[in-house]
2 protein chains.
Amino acid sequence: MRIGILGYGNLGRGVEKAVAVNADQELTAVFTRRNPSDVHIETKGAKVLSADALPDMKDELDVLILCGGSATDLPEMTPGYAGMFNVVDSFDTHARIPEHFAAVDKAARAAGKVGVISCGWDPGMFSLNRLYAASILPDSEAYTFWGRGVSQGHSDAIRRIEGVADARQYTVPVPEALDRVRSGECPKLTTRQKHTRECFVVAKEGADRARIEKEIKEMPNYFADYDTTVTFISKEELEREHAGLPHGGMVISTGRTGENRHVIEYRLTLDSNPEFTGSVLTACARAAFRMNQEGASGAKTMFDIAPAYLSPLSGEEIRAKML
Amino acid sequence: MRIGILGYGNLGRGVEKAVAVNADQELTAVFTRRNPSDVHIETKGAKVLSADALPDMKDELDVLILCGGSATDLPEMTPGYAGMFNVVDSFDTHARIPEHFAAVDKAARAAGKVGVISCGWDPGMFSLNRLYAASILPDSEAYTFWGRGVSQGHSDAIRRIEGVADARQYTVPVPEALDRVRSGECPKLTTRQKHTRECFVVAKEGADRARIEKEIKEMPNYFADYDTTVTFISKEELEREHAGLPHGGMVISTGRTGENRHVIEYRLTLDSNPEFTGSVLTACARAAFRMNQEGASGAKTMFDIAPAYLSPLSGEEIRAKML
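To keep things clear, this report deals only with the structure shown in the data block. (Residues numbered from 1 in each chain as written. Chains lettered and ligands numbered in written order. Predicted model: local features only at pLDDT ≥ 70, side-chain atom pairs only at ≥ 80, totals over all residues. Heavy atoms only, no water.)

## What about the packing of helix α4 (residues 125-136) of chain A against helix α4 (residues 125-136) of chain B?
Point 1. Following both chains from N to C, one finds α4 of chain A and α4 of chain B inclined at 170 degrees, their axes separated by 13 Å at the closest point. Here α4 of chain A is positioned roughly antiparallel relative to α4 of chain B, judged by the angle of their axes. For the pair formed by α4 of chain A and α4 of chain B, the contact residues are Met125, Leu128, Tyr132 and Ile136 of chain A on the first element and Met125, Leu128, Tyr132 and Ile136 of chain B on the second.
Point 2. Residue composition of the contact of α4 of chain A with α4 of chain B, by class: eight nonpolar, no polar and no charged. (Axes fitted to C-alpha atoms, helices over the stretch in contact; angles between N-to-C directions. Helix = DSSP H or I, 4+ residues; strand = E, 2+ residues; numbered from the N terminus. Parallel < 35°, antiparallel > 145°, perpendicular 65-115°, else oblique. Contact = heavy atoms within 4.5 Å. Nonpolar A, V, L, I, M, F, W, Y, C, P; charged D, E, K, R; others polar.)

What follows is the structure in structure tokens.
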């Protein structure tokens, strides 16, 4: 299975690592909108090419994994390249998924290709767990908690404040909320009751720390609805203690059958968010290729992928080893 | 969707409860090998019929859910009825799944029906979690723990000992083993290191308790390889404290991407094992019917079911609400 990666940021590097440990996949090339000679990849034998070369690579790739951002890249990229390749993306703007799905579906159907959108862990594995639980226990309630982990969007929002040199923001589930949900009481929880936000900030020399802290805590959507703590640290401490991109979280569904309560919990504890996400994308690339080989086309999500398609093993093998 | 249930023990009753809360499903009849007039079901409007009537019901049912035992019932029943109906079973003798699959596949294909085997939580939801984790992280290791919960097979084994009036056996994961697995160290664990077994036994009057305890603890396969505790209690205490059939457990997969560790944990805490299993079977019945309507036939497992087929909601709805 010949894989292409478009975009070589954290996620693209995560996909590269994942492809390297899959015996049935081979990285053909990384495509970049930067100058290819400035991009240095790890995979021996794979090329670095300009994104402009993609239309000429239709016969060289089985799946193209799109590692762009959801805000502006993927809404263009995924429908665009679904007209040429089987594609996989990690589009995660939940509110815009229906329109993204429709655009990818149209392009992929016309080209006879498969486009799997919104792969990763949320959307992705967490979505699957919400769906499985709701299908098994129709009256259940699903609670999603994120963290403890680094939110890159929130870290970026802090960095845009005047006087901030760098920042790292952790999203943290509130332990009491987890306990209440796991007990099966189906609580109504506000935004503030579910998560807290911990901000580690490097201030520029002479910056007004009190003002920075106030601006963070009052920032609408990002922080105003949360109990937020701000800790100023040195650049060295940030680099030493907060270099990684850990994340994770859990989906807890609780429901009943008559008198009896059931709790279903799916939990991820990830040292590297982009590397795990890249690993999910890579498994979905396998499914996209196989489903397309069997004649499928159009947009898909992980909801539409029979789990067996994600595995390199045969049906006989997975039934014997994992069922 | 017109549902039939064959067998009205704990599992059959669990399926009945699950069908009752699914707006798109209707229980047509419960089929029994007992005298139908001795079987009293909860669903108003549904019939109780002899299992002998099934061959005449081909046009009356969309799916038949088989609630027999794996030892002797299902190896006959599932291939037999897959020649007449879309069927779903909970066959759980792991070692015999390949031959069961082959037998059901042959019958279902010949009849143009779908037969979904080995649905439930293990095999079933736990299997899915082993497969998803292994597909995402190919070098990961999956650990399955069961309990704390009642093992009916082990309870039955104790009841067969001379002098035992009744018994309840709980399978319990060893906390230290869970901690080691969650830490990501990928330990090699023996049977004894993973689970303990707690037995609550009602002895007949005058029975030799020391002998009963010895026979339990030395019973090969069931208890000899475990740290087993035996507690003698009264019939009243058994009925008061151990009437339910709670179960559950967890699948914990740990793997790496380069230096980074990831832990994936799926945990079930179930007040009623048969009612939860019945709920999974019922969701799989929905999938069997839909896949058959789209032209599929043959044996399937949950590995072969795209998750969307399990939900009563449309693709648009699940993408908007759960993705």
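We are not done yet, so read on.
## Some words on the packing of aromatic side chains
All names here are of chain A.
Point 1. The final tally for this structure, using the stated rule, is seven aromatic pairs over all chains.
Point 2. Judged by centre distance (5.8 Å) and plane angle (85 degrees), the rings of Tyr170 and Phe200 are edge-to-face. Taken together, the residues Tyr170 in strand β9 (residues 164-173) and Phe200 in strand β10 (residues 195-203) connect sequence positions 30 residues apart. Neither residue differs from the other here; Tyr170 and Phe200 are each classed as buried.
Point 3. Each member of the aromatic cluster is reached from another via a ring pair, and the members are Trp121, Phe126 and Tyr266.
Point 4. In this structure, Arg13 is placed above the aromatic ring of Tyr8, and the distance from its NZ or CZ to the ring centre is 5.5 Å. (Phe/Tyr/Trp six-rings, centres within 6.5 Å; stacked < 30°, edge-to-face > 60°. Buried < 20%, exposed > 50% of the residue type's maximum accessible area, 1.4 Å probe, protein only. Lys NZ or Arg CZ within 6 Å of the ring centre and 35° of its normal.)

## A look at the environment of Asn221 of chain A
Point 1. Relative to the helices and strands, Asn221 of chain A is located in the loop between α8 (209-217) and β11 (227-232).
Point 2. The sequence separation of Asn221 of chain A and Asp73 of chain A amounts to 148 residues, and the corresponding C-alpha distance is 23 Å.

## Re the interface of chain A and chain B
Point 1. Counting from both sides, the interface comprises 58 residues of chain A and, opposite them, 57 residues of chain B.
Point 2. Of the roughly 5200 Å² buried where chain A meets chain B, counting both sides, 65% is carbon and sulfur surface.
Point 3. Here chain A and chain B share zero salt bridges between them.
Point 4. In this structure, the connection of chain A to chain B is made through 21 residue pairs in polar contact (both at pLDDT 80 or more). (Buried area = accessible area lost by both parts, 1.4 Å probe. Salt bridge = Lys/Arg side-chain N within 4 Å of Asp/Glu carboxyl O. Polar contact = N/O pair within 3.5 Å; in protein donor to acceptor, adjacent residues only side chain to side chain.)

## Regarding the relation of the copies chain A and chain B
Point 1. Under the fitted operation, chain A is carried onto chain B by 0.0 Å of movement along the axis and a turn of 180 degrees, and the coordinates agree to an RMSD of 0.0 Å. Expressed as a symmetry operation, the mapping of one chain copy onto the other fits a two-fold axis. Ranked by how close their C-alpha atoms come to the rotation axis, the residues of chain A are headed by Ala306 of chain A, at 1.9 Å.
Point 2. Same-surface contact between copies: 98% of interface residues of chain A are shared with the interface of chain B. (Least-squares fit on C-alpha atoms with pLDDT ≥ 70 in both.)

## Observations concerning the nonpolar core
Point 1. Ranked by size, the top nonpolar core spans 148 residues in total, and within it Leu64 and Tyr81 of chain A together with Leu64 and Tyr81 of chain B carry the most contacts.
Point 2. Aside from chain neighbours lying at most four places away, what touches Tyr81 of chain B is Leu6, Ala51, Leu54, Leu64, Leu66 and Val87 of chain B. (Core = buried A, V, L, I, M, F, W, Y, C linked by side-chain atoms within 4.5 Å.)

## Topic: helix α1 (residues 10-20) of chain A
Point 1. Every buried residue of α1 of chain A is listed here: Leu11, Gly12, Gly14, Val15, Glu16, Ala18 and Val19 of chain A.
Point 2. Next to the buried residues of α1 of chain A lie β1 (2-6), β2 (26-32), β4 (63-66) and α10 (273-293) of chain A.

## Description of the side chain of Asp122 of chain A
Point 1. Residue placement: Asp122 of chain A occurs in the loop between β6 (114-116) and α4.
Point 2. Within the structure, Asp122 of chain A has its side chain in polar contact with the side chain of Arg130 of chain A (distance 2.8 Å).
Point 3. A polar atom in the side chain of Asp122 of chain A sits 2.9 Å from the side chain of Trp146 of chain A.
Point 4. In this structure Asp122 of chain A touches His94, Ser127, Arg130, Thr144 and Trp146 of chain A together with Leu323 of chain B, once residues within four positions along its chain are discounted.

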